[in-house]
Amino acid sequence: LMHSPYGGRIVETWDAMLRLRDEGKARSVGVSNFGVEHLEAIRSNGREMPSVNQIEMHPLIYRDRAGLVDYCRRHGIHVTAYGSLFSGYADRYGEPPLSEIAKAHGRTAPQVLLAWALGMGFSVIPKSVSSRDRQRENLD
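Rules of the game
Residues numbered from 1 in each chain as written. Predicted model: local features only at pLDDT ≥ 70, side-chain atom pairs only at ≥ 80, totals over all residues. Heavy atoms only, no water. Helix = DSSP H or I, 4+ residues; strand = E, 2+ residues; numbered from the N terminus. Buried < 20%, exposed > 50% of the residue type's maximum accessible area, 1.4 Å probe, protein only. Contact = heavy atoms within 4.5 Å. Areas by Shrake-Rupley, 256 points an atom, 1.4 Å probe, with all protein chains shown as cover. Lys, Arg positive; Asp, Glu negative; His and termini not counted. Charge placed at Lys NZ, Arg CZ, Asp CG, Glu CD. Pairing = 2+ DSSP bridges. Right-handed = clockwise from strand over helix to strand, strands pointing away.

## Remarks on the overall build of the protein chain
- A tally of helices and strands in the protein chain yields six helices and five strands.
- Each helix and strand of the protein chain, ordered N terminal to C terminal, gives the series β-α-β-α-β-α-β-α-α-β-α.
- Burial analysis of the protein chain (140 residues in total) assigns 36% to the buried set.
- Intrachain contacts of the protein chain at a sequence separation of at least 6 include 60% that bridge at least 24 residues.
- Of the roughly 8400 Å² of accessible surface on the protein chain, a fraction of 50% belongs to carbon and sulfur atoms.
- Distance between charge centroids for the protein chain: 3 Å, based on 18 positive and 16 negative side chains.

## Points about the sheet that holds strand S2 (residues 31-32)
- Reading across the sheet, the five strands line up as S1-S2-S3-S4-S5 and stay open at both edges, with parallel pairing between neighbours. The sheet is open, and its two borders are formed by strand S1 (2-3) and strand S5 (123-124), each paired with just one other strand.
- Strand direction decides the pairing type here: strand S3 (residues 52-56) and strand S4 (residues 78-82), joined by five bridges, are parallel. Bridge assignment links Glu 56 to a residue of S4, and that residue is Tyr 82.

## A closer look at the pairing of S4
- In this region the chain leaves S3, passes through helix H3 (residues 62-74) and returns to the parallel neighbour S4; the handedness of that crossover is right-handed.
- The pairing of S4 with S5 spans two bridges and is parallel. Opposite Thr 80, over in S5, you have Ser 123 as the bridge partner.

## Some remarks on unusual backbone geometry
- In this structure, the amide linkage connecting Pro 96 to the following residue, Pro 97, adopts the cis form with an omega of 0 degrees.
- For Pro 97, the position within the fold is in the loop between S4 and helix H4 (98-105).
- Positive phi is not limited to glycine here, since Asn 33 has a value of about 65 degrees.
- Structurally, Asn 33 is set in the loop between S2 and helix H2 (36-44).
- A relative accessible area of 27% places Asn 33 in the partly exposed class.
- Even without being glycine, Phe 86 reaches a positive phi, approximately 60 degrees.

Functional significance is not addressed by these values, which are geometric in nature.
Quick look at the structure:
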């Protein structure tokens, strides 16, 4: 992934990513934290679009990012959600409506958040290095 579009040569760096893929050094190339304007820089210069855009995504920020998600979908760019468990703000898990949904379905708040992201068509990369129990819970 080409991380963070800020401070530089988006198109030139993207060209280098495409060369790496074409040389067989990467199977797929994508970007991280790109907004519509950054993706448009790639598209408007006639370049192949990224296969994925990895962005922070969860229900608390979905409305702010809905335009970006729509753009990605229209251009065949898959969205991978990082921070899908509220970016580590576990204190938010007990707040309604999340806590109510979790209780109604007999699930934990993180399970509901992961199900939401998957239901939206995003892939998820939950950070759960702290315990095997958390990893098992994420898979359930």
